[in-house]
Amino acid sequence: MIVSLIATGLFLFVLFVAAVRKFTFLGLKISVMLFAAAGIYFVWNPDQMTRLAQLVGVGRGADLITYATTVILFLTVVGAIIRERRSGDVLTLLVRRLAIQQARFPERPKAGPDSRG
Amino acid sequence: MNGSCFNAMSRDDTLWFVIAAFNEGPMIAEVVRGVSPHAQVVVVDDGSADDTGDQALAGGACVATHLVNRGQGAALQTGIDFALAQGAGHVVTFDADGQHDVDEALEMVARCRAEGLDAVLGSRFLGATVNMPFSRRLVIKAAVVFTRLTTGLNLTDAHNGLRVLSREAARKIRIRQDRMAHASEILSQIARLRLNWREHPVTITYSEYSLAKGQKISNSVRILEDMLFGARS
């Protein structure tokens, strides 16, 4: 019972955050909200999860949850890697701009005062 | 940022050597001194922890410093951008660890100009290798096969850091792979842009220093990962 309540609280939190937060894609917002709503439903109707599992050819509801969690985790990690790469690209552009602006020239004079940026 | 590195009478000031360097303090000044009588040099100090930048400057190179390490691909693109801004007619990408031979690079430039090519790529398998470990030969051969399959370019070498690019080619090629996958990326862009390229035999000398600094086999896994996740479009 306590576990069910905690799980419900977590799904409600996800539902609330998804409802309030802005998403880049509306489809993602709807998917997260549906996922949270389904979570609440299945927490209180575990038999339905088992029926759903059997429907898609997986033995038990618990197994289906494991598989679904694995897939979601994988997609989340891939998404995080892609986001990290994009931030890295932006950082590279900034670092490059600074490096060129502040380039140092060996001795010489003709470089002028702006040779250091 | 205007200005140019000091001029020498015999030097070709439209020719720029671009050297990406990360923690190459012990070697970089010597490498720059080998090049600077012949061409302008820009060393991109890629966030080194040692005195690479100061050493390169003392050797006679222009130095552009990445405040944080961004990888060899990113550093080369910075150097190419810098050289183009300085009016480079041809750009040579050159390793910082003394593996490449300046005279061969100059031969490649002469060939690029004489034959009106967009790019001349160094090939250690048309030329020679000195002290090349067997495991590295194996990995590079595998990379050659991979590159042939993915780009359609009939190459004998891949991941060779010695290249000559005409100004137009250097302007068209944009390296977006910050790390080591840039070598494959440059080749795939050469293929996509239908640039006029040739390979040229070069000698790569594997010294104890360059082997310690150079790519490890484990890096090839990282390169594949970089290519898989791609770079920004």
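Residues numbered from 1 in each chain as written. Chains lettered and ligands numbered in written order. Predicted model: local features only at pLDDT ≥ 70, side-chain atom pairs only at ≥ 80, totals over all residues. Heavy atoms only, no water.

Participant: Tell me about the packing of helix α1 (residues 2-20) of chain A against helix α2 (residues 26-44) of chain A, and name the residues and values.
Facilitator: Geometry of a packed helix pair, given as the angle between the helix axes and the separation of the axes. Residues and elements named next belong to chain A. Between α1 and α2, the least distance of the axes is 9 Å, while the angle of their chain directions is 160°. Classed by the angle they form, the pair α1 and α2 counts as roughly antiparallel. By crossing handedness, the relation of α1 to α2 is classed as left-handed. Between α1 and α2, the residues in contact are Ser4, Leu5, Ala7, Thr8, Phe11, Leu12, Val14, Leu15, Ala18, Ala19 and Val20 and Lys29, Val32, Met33, Phe35, Ala36, Ala37, Gly39, Ile40, Val43 and Trp44, respectively. Partitioned by chemical class, the residues of the contact of α1 with α2 number 17 nonpolar, three polar and one charged. (Axes fitted to C-alpha atoms, helices over the stretch in contact; angles between N-to-C directions. Helix = DSSP H or I, 4+ residues; strand = E, 2+ residues; numbered from the N terminus. Parallel < 35°, antiparallel > 145°, perpendicular 65-115°, else oblique. Left-handed = near helix turned anticlockwise from the far one by under 90°. Contact = heavy atoms within 4.5 Å. Nonpolar A, V, L, I, M, F, W, Y, C, P; charged D, E, K, R; others polar.)

Participant: Can you tell me about the side chain of His182 of chain B, naming the residues and giving the values?
Facilitator: Residue placement: His182 of chain B occurs in helix α7 (residues 182-192). Not counting the four nearest positions on each side in its chain, His182 of chain B is found in contact with Gln72, Gly73, Leu76, Arg163, Ile175 and Gln177 of chain B.

Participant: Which residues make up the side chain of Ser184 of chain B, and what are the values?
Facilitator: Its location among the elements puts Ser184 of chain B in helix α7. When near neighbours in sequence (up to four residues on either side) are disregarded, Ser184 of chain B contacts His159 and Met227 of chain B.

Participant: I'd like a rundown of the sheet that holds strand β7 (residues 197-205) of chain B, residues and numbers included.
Facilitator: Adjacent strands of a sheet pair through backbone hydrogen bonds, lying either parallel or antiparallel. All names here are of chain B. Within the open sheet, the seven strands sit side by side as β3-β2-β1-β4-β6-β5-β7. Their pairing is mixed. Sheet topology places β3 (62-66) and β7 at the edges, where each strand pairs with a single neighbour. When strand polarity is set aside, the average angle formed by the axes of neighbouring strands in this sheet is 20°. Sheet analysis places strand β2 (residues 39-46) next to β3, joined by five bridges and oriented parallel. By the bridge assignment for β3, Val43 is matched with Val63. (Pairing = 2+ DSSP bridges.)

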